[in-house]
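Residue strings, one per chain:
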Amino acid sequence: MRLLVVEDDDIVADAILRSLAGARFAAHRVKSAEAAREALAAEQFALAVIDVGLPGADGLTFVRRLRTAGAALPTLVLTARCTLNDKVAALDLGADDFLAKPFEPAELVARCRALLRRSGGTLDGVIRLHRLRADLAGKRLWVDEAEVTLTAREWALLDCLLRRVGQVVPKERVQQALAQPDQELTPNAVEAHVSRLRAKLGDAVAIRSLRGLGYRLDEAKSA
Ligand code: CA
C-alpha cells in the first residue's frame, strides 16, 4: 500500500516525497483535502501525511471528517505552528501524530514507520523490527536471516505485541489473544507461552513483563 501525502506547497511536497522514496515508501501526493477524499475513495492507503494549511478545507478539518466517517487511516499532521494547544487540538480531532515544520526528513520517515507499526499496517504485509522480520499474513518469522518456527499460540502472542511495539498490551488482551474456545488460560500459562516465545526470539527483541499491567515488546537491545 502507498502513503498519501496531502500538501499544497510544491517545495515541501517534493522534500516529503524524496525522503519517503529514500526510505522505499511509495507515495501519492495530492494538493487539497478534496483531492485527498477522491484519492481515498479510489485507493486504500497505509497512512496519510497531511499538512494543516491547505487551500479549501484545512488539514485538521479533513482529519476530523475522516474520523467522523469512521476511517481508521493512520494520520501524521504537519503543522507550521506547534504550540501545545495546536498539538492537543490535532490529537483531539483524531490525528495519530504531528510534526512541526520545518522538520528533518529522517524524523518524518521515523514517525511514519512508527505509525505503520502501531497500526499494524505495513507496505508489504511484513513488519520489520531491527533484526526481526515478521510476515503476519504468511505466518513466517525470521531473526536475522534464520527462519524461526512458532506455534499457533506463539504467533497469536507475537502478533498482538508486534502491533503495539513500545506500548503496554494489557494482560487481559494477551490472555484473550491466546485463549481457545474450549480452554481456560491461567496467567501462569500465559507467562509460560511468553517465556517460550522469548527463548525463540533470543535477544533480537525484548518482551517485558510488567507486573499487574501486561507485556511490552521493545525494540532490540543494542547489540
Ligand atoms: Ca500548506
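Cut-offs applied
Residues numbered from 1 in each chain as written. Predicted model: local features only at pLDDT ≥ 70, side-chain atom pairs only at ≥ 80, totals over all residues. Heavy atoms only, no water. Donors = N, O, S within 2.8 Å, 3.2 Å for Na, K, Ca; no water. Buried < 20%, exposed > 50% of the residue type's maximum accessible area, 1.4 Å probe, protein only. Pairing = 2+ DSSP bridges. Helix = DSSP H or I, 4+ residues; strand = E, 2+ residues; numbered from the N terminus. Axes fitted to C-alpha atoms, helices over the stretch in contact; angles between N-to-C directions. Contact = heavy atoms within 4.5 Å. Salt bridge = Lys/Arg side-chain N within 4 Å of Asp/Glu carboxyl O. Phe/Tyr/Trp six-rings, centres within 6.5 Å; stacked < 30°, edge-to-face > 60°. Lys NZ or Arg CZ within 6 Å of the ring centre and 35° of its normal. Expected span 1.5 Å × (residues − 1). Arc of directions from axis to C-beta. Polar contact = N/O pair within 3.5 Å; in protein donor to acceptor, adjacent residues only side chain to side chain.

Student: Just to check I follow, could you spell out the coordination of the calcium ion for this structure?
Tutor: Octahedral metals with six donors have ideal donor angles of 90 or 180 degrees. Tetrahedral metals with four donors have an ideal donor angle of 109.5 degrees. Within the first shell, the calcium ion binds the protein through E7 (OE), D8 (OD), D51 (OD) and G53 (O), at distances of 2.1 to 3.1 Å. Expressed as a motif, the donor residue spacing for the calcium ion is E-D-x42-D-x1-G. Residue E7 is classed as buried on the basis of its relative accessible area of 0%.

Student: What am I meant to see in the pairing of strand β6 (residues 126–129) here?
Tutor: Strand direction decides the pairing type here: β6 and strand β7 (residues 132–135), joined by 4 bridges, are antiparallel. Across the sheet, residue R128 finds its bridge partner in β7, namely R133. In this antiparallel pair of consecutive strands, β6 and β7, the connection spans 2 residues, and H130 shows a positive phi of 50°.

Student: Would you take a moment to explain the sheet that holds strand β11 (residues 206–210) for this structure?
Tutor: As a general point, the strands of a sheet are linked pairwise by backbone hydrogen bonds and lie either parallel or antiparallel. Judged by pairing direction, the sheet is antiparallel, and its 3 strands sit side by side in the order β10-β12-β11 without closing on themselves. What marks the edges here is a single partner per strand, and that holds for β10 (168–170) and β11. Neighbour to neighbour, the strand axes of the sheet diverge by 25° on average, direction disregarded. Each of β10 and β12 (214–218) is contacted by helix α7 (residues 171–178), which is oriented at about 65° to β10, the strand it contacts most.

Student: Looking at this structure, I do not really get the pattern of salt bridges. What am I missing?
Tutor: If the charged atoms of two oppositely charged side chains come close together, the side chains can form a pair. What the rule picks out here adds up to 18 salt bridges. For K31, the salt bridge goes to D10, with nearest N and O atoms at 3.7 Å. In this pair, K31 sits in the loop between β2 (27–30) and α2 (33–42) while D10 sits in helix α1 (residues 10–22), placing the two residues 21 residues apart along the sequence. Residue class for K31 comes out partly exposed when judged on its relative accessible area of 46%. In this structure, the salt-bridge partner of R133 is E145, at a minimum N-O distance of 3.3 Å. Here R133 is found in strand β7, whereas its partner E145 is found in the loop between β8 (140–143) and β9 (146–148), with 12 residues between them in sequence. Residue classification places R133 among the partly exposed residues on the basis of a relative accessible area of 25%. Under the relative-accessibility criterion, E145 is labelled exposed at 67%.

Student: Is there a simple way to explain the packing of aromatic side chains in this structure?
Tutor: Centre distance and the angle of the planes are the two values used to describe a pair of aromatic rings. The tally for this structure, following the rule as stated, stands at 0 aromatic pairs. Against the face of W142 rests R133, its NZ or CZ located 4.4 Å from the ring centre. Taking NZ or CZ as reference, K139 lies 5.7 Å from the ring centre of W155, over its face.

Student: In this structure, what is going on with α1? I would like to understand it.
Tutor: One turn of an α-helix holds 3.6 residues; hence residues three or four places apart share an orientation. Given a rise of 1.5 Å per residue, 13 residues ought to cover 18 Å, and the 18 Å separating the end C-alpha atoms of α1 matches this to within 8%. If you check which residues of α1 are buried, you get A13, I16, S19 and L20. In an axial view of α1, the angular spread of the buried residues amounts to 130°, which keeps them on one side of the axis. Those residues of α1 that are exposed and aimed more than 90 degrees away from the buried face are I11, R18 and G22. Here α1 starts with a cap whose side-chain oxygen sits 2.9 Å from the backbone nitrogen of I11, and that cap is D9.

Student: Mind showing me how you'd approach unusual backbone geometry here?
Tutor: Glycine aside, a negative phi is what most residues show, and trans is what most peptide bonds show. A cis geometry characterises the amide bond from K101 onward to P102, with omega recorded as -5°. Among the structural elements, P102 can be located in the loop between β5 (97–100) and α5 (105–119). Positive phi outside glycine occurs at R24, with the angle close to 60°. Residue position: R24 is located in the loop between α1 and β2.

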